[in-house]
Amino acid sequence: MESNYQDRIPNNVGLGANRTLQRALEHWQPEFLNWWHGLGPSDFNASSVYLRTAISVDTKGWATFDYVKMPDYRWGIFLAQEENDRRVGFGDHFGQPVWQQVPGEHRSTLRRLIVTQGDTEPASVEQQRLLGHTAPSLYDLRNLFQVNVEEGRHLWAMVYLLHAYFGRDGREEAEELLERHSGDADKPRILSTFNEPISDWLSFYMFTYFTDRDGKFQLKSLAESSFDPLSRTCKFMLTEEAHHMFVGDTGIGRVIKRTIEVMKELGTDDPLALRKAGVVDLPTIQKYLNFWFSSSLDLFGGDSSSNAASYFANGLKGRPDEIKYEDHIEAESSFTLELPDGKGGVREERIPMRNAVNEVVREAYVRDCEKGLARWNRHLEEAGYPQRMTLPSTRFRRTLGSWANVATSPEGKPIAQEEFNSHLDEWLPTPDDRAYVHSVMHGVFERGKMASWIAPPERGINTQPINFEYVKFH
Ligand SMILES: [Fe+2]
Ligand SMILES: [Fe+2]
């Protein structure tokens, strides 16, 4: 299908040939823009931002760079190319042709999956709406806005599916995606991580590293779906998502690098001395990491889940990179879960593999998260410091699944609740830590300059220099 970039809604789905659908989406478009003006990035809508825009899905078109005012960004609908004779890759329908329409019996489940994914996209824009004012550099400001406009496009992607394949219910769900708001007392976003405020840049980097990475795994699971339009939508979203995780990965790395520089200068790792010098001490970075990692783990769902089993059986939502698994049916296989035994210890339980899909995906996610830690720790190693960043255990501070509300140490050892409480200040950001981090957040808008608490990036965007004018304020 050709890309139509000239249309009011750029797309490669042949929107022009479906007048009803086109009209419905053109009706939704002003509502989206209204939402963007009200709850998108505050105050920067008149600035020209050096942004990447997808105008088609081929290598030349998906990343074109230019100055754009965010409200003029061309939010389009782009699906990855259709695969010839694609077949169901897992579950009970393995090997059958994939579906171009929604099977009636899976309609409400697929709609729910799409709405849940769709809800996270505008939620993160809302969470991040005030961050522009305290950006540590023009480079970072531009990256924030890149992430924001692409989350907006991801919302468009999901709304397209709802409009195109789910009739009136789908249109109603699309309206509601703009009616729920992050942190709203009456109409919050669906998943709790997406109701946590992101009011400082350390949280933003943690979010883009850990929570956008959950997004990557959800999209990869949905990219395996037998409902082909969903699969193709998610495949293309993944190309954009990679940059969001890059922002988090390099952002955390740059914060650590800057802290090390000052540790060297001052010859101390004393948190108070480092804070006086305007950088974030390593224990505080670790606490932020503990918070966002554990919060993001819950997004994968319960470790033993009959929903996950039925998604897998029915071919709705699979495992990332299904091709790498040996058994695509998993009707007979099992998985060993480690559960709290209720007496302060751990017991094992074998459950059907299909019921353990969430846990399997969570484990793959943890392995992916570890890569960033290895990179960040290399900075410490090269500087000759013994400290290391660590990922807490998947049992730590969970609010969902078998380990929900079970007190454990960050290493995952079950402990008494009193012991847990007495260590909380060492393990998770305290109001004092948050206040300190907030106190160093000041917008730095001079070309090439960085805030005191972060090192410059290694290179600029799209081969531009680091001191490029990534955002023009006029
Ligand atoms: Fe997204
Ligand atoms: Fe993202």
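One can find the structure itself at the top, above this paragraph.
Residues numbered from 1 in each chain as written. Chains lettered and ligands numbered in written order. Predicted model: local features only at pLDDT ≥ 70, side-chain atom pairs only at ≥ 80, totals over all residues. Heavy atoms only, no water.

1. Observations regarding the coordination of the iron ion (ligand 2)
Move 1: Glu-151 (OE), Asp-212 (OD), Glu-241 (OE) and His-244 (ND1) make up the full set of protein donors to the iron ion (ligand 2), lying at 1.8 to 2.2 Å.
Move 2: Coordination at the iron ion (ligand 2) is irregular, judged from the four donor atoms that bind it and the angles of 85 to 168° they form at the metal.
Move 3: Read in sequence order, the donor residues coordinating the iron ion (ligand 2) give the pattern E-x60-D-x28-E-x2-H.
Move 4: Separating the iron ion (ligand 2) from the iron ion (ligand 1) is a gap of 3.5 Å, which Glu-151 spans by donating to each of them. With Glu-151 in helix 3 (residues 138–165) and His-244 in helix 6 (residues 228–266), this residue pair connects regions lying 93 residues apart in the sequence. (Donors = N, O, S within 2.8 Å, 3.2 Å for Na, K, Ca; no water. Tetrahedral: all angles 85-135°; square planar, octahedral: opposite > 155°, others 65-115°. Helix = DSSP H or I, 4+ residues; strand = E, 2+ residues; numbered from the N terminus.)

2. Description of the sheet that holds strand 5 (residues 471–472)
Move 1: The sheet built from three strands is open, its strands ordered 2-1-5 with antiparallel pairing. On the outer flanks of this sheet lie strand 2 (64–69) and strand 5, each paired with one strand and no other.
Move 2: Where strand 1 (residues 48–53) lies against strand 5, two bridges are found, and the strand directions are antiparallel. The residue bridging Ser-48 from the neighbouring strand is Lys-472, located in strand 5.
Move 3: Lying over the sheet, helix 3 contacts strand 1, strand 2 and strand 5, oriented at roughly 50° with respect to strand 1. (Pairing = 2+ DSSP bridges. Contact = heavy atoms within 4.5 Å. Axes fitted to C-alpha atoms, helices over the stretch in contact; angles between N-to-C directions.)

3. Things to note about the side chain of Gln-218
Move 1: Along the chain, Gln-218 turns up in helix 5 (residues 201–223).
Move 2: Look at Gln-218 and you get buried, because its relative accessible area is 10%.
Move 3: Excluding residues within four positions of it along the chain, Gln-218 makes contact with Gln-117, Leu-299, Phe-300 and Lys-317. (Buried < 20%, exposed > 50% of the residue type's maximum accessible area, 1.4 Å probe, protein only.)

4. Comments concerning the environment of Arg-362
Move 1: Among the structural elements, Arg-362 can be located in helix 10 (residues 357–382).
Move 2: Distance in space between the C-alpha atoms of Arg-362 and Trp-35 is 33 Å, their sequence separation being 327 residues.
Move 3: Here Arg-362 is in contact with Leu-297, Phe-300, Gly-301, Gly-302, Asp-303 and Arg-398, once residues within four sequence places are set aside.
Move 4: One polar contact links the side chain of Arg-362 to the main-chain carbonyl oxygen of Leu-297, over a distance of 2.9 Å. (Polar contact = N/O pair within 3.5 Å; in protein donor to acceptor, adjacent residues only side chain to side chain.)

5. Remarks on the side chain of Glu-330
Move 1: In this fold, Glu-330 is placed in the loop between helix 9 (306–314) and strand 3 (334–340).
Move 2: Here Glu-330 falls in the buried class, since its relative accessible area comes to 8%.
Move 3: A polar contact is formed between the side chain of Glu-330 and the side chain of Ser-333, at a distance of 2.3 Å.
Move 4: If sequence neighbours within four positions are ignored, Glu-330 has contacts with Phe-312, Arg-319, Met-353 and Arg-354.

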